[in-house]
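# Architecture at a glance
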Amino acid sequence: MTDLKTPNPEAESRLVELRSIVEPIQLAQLFQKPQPLEVELGSGDASFLLEYARQNPATNFIGVERLLGRLQKLDRKGRRLGLANLRGIRIESAYFLRYLLPPHSVTALHIYFPDPWPKKKHRRHRLIGGPFPALARQALAPGGTVFLRTDDPDYFQQMIEVFGSALGFKPIETPSGLAEITTDFERDFHAQGIPTLRAAYRQWPLTQLALS
Ligand SMILES: C[S@@+](CC[C@H](N)C(=O)[O-])C[C@H]1O[C@@H](n2cnc3c(N)ncnc32)[C@H](O)[C@@H]1O
């Protein structure tokens, strides 16, 4: 794995070379400072993460993306901006959550415009399906939040059904400062006049849910 702790913000790659695909990643080796961690799944060209990481230097961020070309943009621009709190990992999102992310290590998961798989017979490929809340619960620290955005009304309906029926999550408003940071796909949709939808769910300890 690249030693990302060496203090040369321009030269060091922001991309993480995984040493193992079965052992959880060592977060202390990825970042210079131990800080709260947020993760974007399917980070694309990292337009959201680059701006969000710039605005929040006291938080660490990981972008998870399967396409190398898109991760290379995160790397190039992350170096140019001198972002010490941003890393990219090339891996499949659900696998990352299940096997590589240390449990309860993340304060927020961002999933923006995940592939919609609009054909009925392909919907089983959607990331936000029945098994996802359990993966999110495993990843999130207590009180952590899942932030969702999509342009696809059918997928949005699925998202709110999946989280609405999952134990341990409550809907919350997306903070306006976060909603204002748009993604590349979001800007394209808005430029074409296509409306987009968003939702957020905070993880609540099951004992507190029983009392509320
Ligand atoms: C529609 S794009 C949205 C990108 C970005 N979030 C945005 O809003 O601009 C979806 C991205 O997720 C990536 N992706 C799709 N499925 C994935 C998976 N299972 N694991 C990791 N990345 C995935 C795609 O390669 C693509 O870059």
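Scroll up for the structure.
A short tour of the structure in this document, coming up. Worth saying up front: this structure is predicted, and the values here are computed from it rather than measured.

## Section: the site of the ligand
Surrounding the ligand, one finds 20 residues, the nearest of these being Gly42, Gly44, Ser93, Thr183 and Phe185. Sorting the residues of the shell around the ligand by element identifies strand S2 (60–65) and helix H8 (184–191) as the ones contributing at least two each. Broken down by element, the residue count for the shell around the ligand peaks at three residues, all from H8. A breakdown of the residues in the shell around the ligand according to their chemical character gives seven nonpolar, six polar and seven charged.

## Here we look at helix H6 (residues 153–164)
Between its first and last C-alpha atoms H6 spans 16 Å; for 12 residues at 1.5 Å apiece the expected length is 16 Å, and the two agree. Buried residues of H6: Tyr155, Met159 and Phe163, and no others. Down the axis of H6, the buried side of the element spans an arc of 65°, and every buried residue falls inside it. Set apart from the buried face of H6 by more than 90 degrees, the exposed residues are Pro153, Gln157 and Glu161.

## Observations concerning the environment of Arg54
As for its position among the elements, Arg54 is in helix H2 (residues 47–55). Sequence-wise, Arg54 and Ala84 are 30 residues apart; in three dimensions their C-alpha atoms are separated by 9.5 Å. When neighbours within four sequence positions are excluded, Arg54 is seen to be in contact with Leu81 and Leu83.

## Some thoughts on the nonpolar core
Leu49, Val106 and Leu109 are the most contacted members of the largest nonpolar core, which totals 43 residues. Those residues within four positions of Leu49 in sequence are excluded, and the remaining contacts are Glu40, Ser43, Phe61, Gly63, Leu74 and Leu86.

## Quick notes on the sheet that holds strand S5 (residues 140–150)
Read across the sheet, seven strands follow the order S3-S2-S1-S4-S5-S7-S6 without closing on themselves; strand pairing throughout is mixed. Of all the strands in the sheet, just strand S3 (86–90) and strand S6 (169–172) have a single pairing partner and so form its edges. Strand-to-strand twist of the sheet, defined as the mean angle between neighbouring strand axes without regard to direction, takes the value 20°. The pairing of strand S1 (residues 37–41) with S2 spans five bridges and is parallel. Bridging from a neighbouring strand, Leu37 pairs with Asn60 of S2.

## Structural notes on the packing of helix H4 (residues 93–100) against helix H5 (residues 132–139)
Interhelical geometry of H4 versus H5 gives an angle of 45° and a closest axis separation of 9 Å. Compared by their axis directions, H4 and H5 come out oblique. The way H4 lies across H5 gives a crossing that is left-handed. Packed against H4, whose contacting residues are Ala94, Leu97 and Arg98, the element H5 presents Leu135, Gln138 and Ala139 at the interface. Taken together, the residues that form the contact of H4 with H5 break down as four nonpolar, one polar and one charged.

## Some points on the pairing of S5
Of all 11 residues that make up S5, eight are buried, and the element is covered over most of its length. Summarising the sheet, strand S4 (residues 106–112) and S5 pair through six bridges and their orientation is parallel. From the neighbouring strand, Tyr112 faces S5, where its bridge partner is Arg149. You can see the chain leave S4, run along H5 and come back into S5, and the turn it takes is right-handed. With six bridges connecting them, S5 and strand S7 (residues 197–203) associate as antiparallel partners. Pairing of Thr150 across the sheet is with Leu197, part of S7.

Calculation notes
- Residues numbered from 1 in each chain as written.
- Predicted model: local features only at pLDDT ≥ 70, side-chain atom pairs only at ≥ 80, totals over all residues.
- Near = placed C-beta within 6 Å.
- Helix = DSSP H or I, 4+ residues; strand = E, 2+ residues; numbered from the N terminus.
- Nonpolar A, V, L, I, M, F, W, Y, C, P; charged D, E, K, R; others polar.
- Expected span 1.5 Å × (residues − 1).
- Buried ≥ 20, exposed ≤ 12 C-beta atoms within 10 Å, placed from the backbone.
- Arc of directions from axis to C-beta.
- Contact = placed C-beta atoms within 7 Å.
- Core = buried A, V, L, I, M, F, W, Y, C linked by C-beta atoms within 7 Å.
- Pairing = 2+ DSSP bridges.
- Axes fitted to C-alpha atoms, helices over the stretch in contact; angles between N-to-C directions.
- Parallel < 35°, antiparallel > 145°, perpendicular 65-115°, else oblique.
- Left-handed = near helix turned anticlockwise from the far one by under 90°.
- Right-handed = clockwise from strand over helix to strand, strands pointing away.

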